[in-house]
Each structure stands twice: as C-alpha cells, then as structure tokens.
Amino acid sequence: DLHSFPTRRSSDLEIGFIDKKGKLVIKPRFEGPWRFSEGLCCVLYGGKWGFIDKTGKFVIEPKFELPCEFSEGLCQVQYEGKRGFIDKTGRFVIEPRFESPKEYVVESRFKDGICQVQYDGKQGFIDKTGRFVIEPKYEFAREFSEGLCSVQYGGKWGFIDKTGQLIIDPRFEGAWTRFQKAFVV
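Computed from a prediction, not measured in an experiment: that's the story for all the values here.

Caption draft 1: Layout of the overall build of the protein chain. In terms of regular secondary structure, the protein chain is built from zero helices and 17 strands. Across the 185 residues in the protein chain, those meeting the buried criterion constitute 46%. Restricting the contact set of the protein chain to residue pairs at least 6 apart, pairs at least 24 apart contribute 27%.

Here it is in structure tokens:
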C-alpha cells in the first residue's frame, strides 16, 4: 500500500507517495491525492483529476472535475458538469448525464452491481449499464447495508430493499447508513 504525503515548494503544496517503510515511491508533483482503489489513484494535476498507477504514471490523463475511486471496475467522474462512469482505460461506459449531489455526499461507488446517482434533483440507483434499477424519487439515498438502504422521502427517513420496495415507511427524522442488527434513527 502507498500513502500520500505533502511537501511544500514555494507557496504551493505538492503531494507524493511513500510505501509502508517510508521509502519515496512517487515523487511529489500532484496538487491533491484521492486514494488507490483497484490499482489506480485519482490525483489532481493542473487543476483537473486523472488517474495514476503505482509507479506514478498517468493511466488516465487529468480531465475530470471531481474525483472518486474505482469499484467493480468502474469509477464515477464529473466531466463538463455532469457525472458519468469510466472504465480503467478512461473510456465512458455510462455517459455523463447525472447531477452532482445536493448537500449530502452521494455514495458514488458500485457495490453489488448498483450505484447511487442523482437525476432531475432526485436520487436513485443504476446498474452497470446505466439503467435505473431503483427510480430516482428520493431526496436522499444512502448506501445499502445488509440489504437495506435509508432514504429520505417527503422530509422523513425510511428504508428500502434492493428492489426499491419500501420496507419501513418514512417516519424518522434521520437515519444512519450502516446496519448492524439495527439502524440508528
């Protein structure tokens, strides 16, 4: 595993990477790092985000507005104001058509073949082809945990399953993401 570290050259901060023993692996030259996922790391370079491998070589040139990480072979990126999904070559598999999330940070990674997105001001879930598997109708939707997802609908929080079926009616003021024998509401 590699870890990022900052250095300062003049007034600018530059980021490089070291291994677990502190050995410099990738020299400082990036404006900001994300984290490595599936062998690639999203880094800020020249004001745009791109992806490097573990040697520091760009695999996907910097051209994106917002970073994320790869999951299940795809990564959600923002390009020209819209979000879409790229593969590890940088090719769009799902063209940019989704919005940036509102106040709450949308879980933007594929997990079990689905990913949360925002479309027309509402949140829902798509599959790896970009087809909606749960229509965007929620004010907010969090990630699934043990088969359930907390969603806000009509200002209240409830829970849906992976088919979009409402399991617990929206009646709570809030709900946390992770389920471990119980959700915090």
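Caption draft 2: The arrangement of the packing of aromatic side chains in detail. Taken as a whole and judged by the stated rule, the model has 18 aromatic pairs. Between F98 and F132, the ring centres sit 6.1 Å apart and the planes meet at 85°, which makes this aromatic pair edge-to-face. With a gap of 34 residues between them, F98 in strand β10 (residues 92-98) and F132 in strand β13 (residues 132-138) connect regions that are remote in the sequence. Residue F98 shares its accessibility class with F132, and that shared class is buried. Ring plane angle 55° and centroid distance 5.0 Å describe the contact between F125 and F144, whose orientation is recorded as tilted.

Caption draft 3: The arrangement of the state of the cysteines in detail. Under the definition given, this model contains zero disulfides. Free of any disulfide, C41 has its nearest neighbouring cysteine sulfur in C42, separated by 7.0 Å. Free of any disulfide, C68 has its nearest neighbouring cysteine sulfur in C75, separated by 4.9 Å.

Caption draft 4: Geometry of the pattern of salt bridges. With the rule as written, the count across this model stands at eight salt bridges. Across the pair E38 and K88 runs a salt bridge whose closest N-O atoms are separated by 3.4 Å. One end of the pair, E38, is in the loop between β4 (32-37) and β5 (40-45); the other, K88, is in the loop between β9 (82-86) and β10, with 50 residues separating them in the sequence. Overall, the relative accessible area of 34% leaves K88 in the partly exposed class. The network of salt bridges with common partners includes R35, E69 and R109.

Rules behind the numbers
Residues numbered from 1 in each chain as written. Predicted model: local features only at pLDDT ≥ 70, side-chain atom pairs only at ≥ 80, totals over all residues. Heavy atoms only, no water. Helix = DSSP H or I, 4+ residues; strand = E, 2+ residues; numbered from the N terminus. Buried < 20%, exposed > 50% of the residue type's maximum accessible area, 1.4 Å probe, protein only. Contact = heavy atoms within 4.5 Å. Phe/Tyr/Trp six-rings, centres within 6.5 Å; stacked < 30°, edge-to-face > 60°. Disulfide = S-S within 2.5 Å. Salt bridge = Lys/Arg side-chain N within 4 Å of Asp/Glu carboxyl O.

Read these as layout, nothing more, since geometry by itself doesn't imply function.
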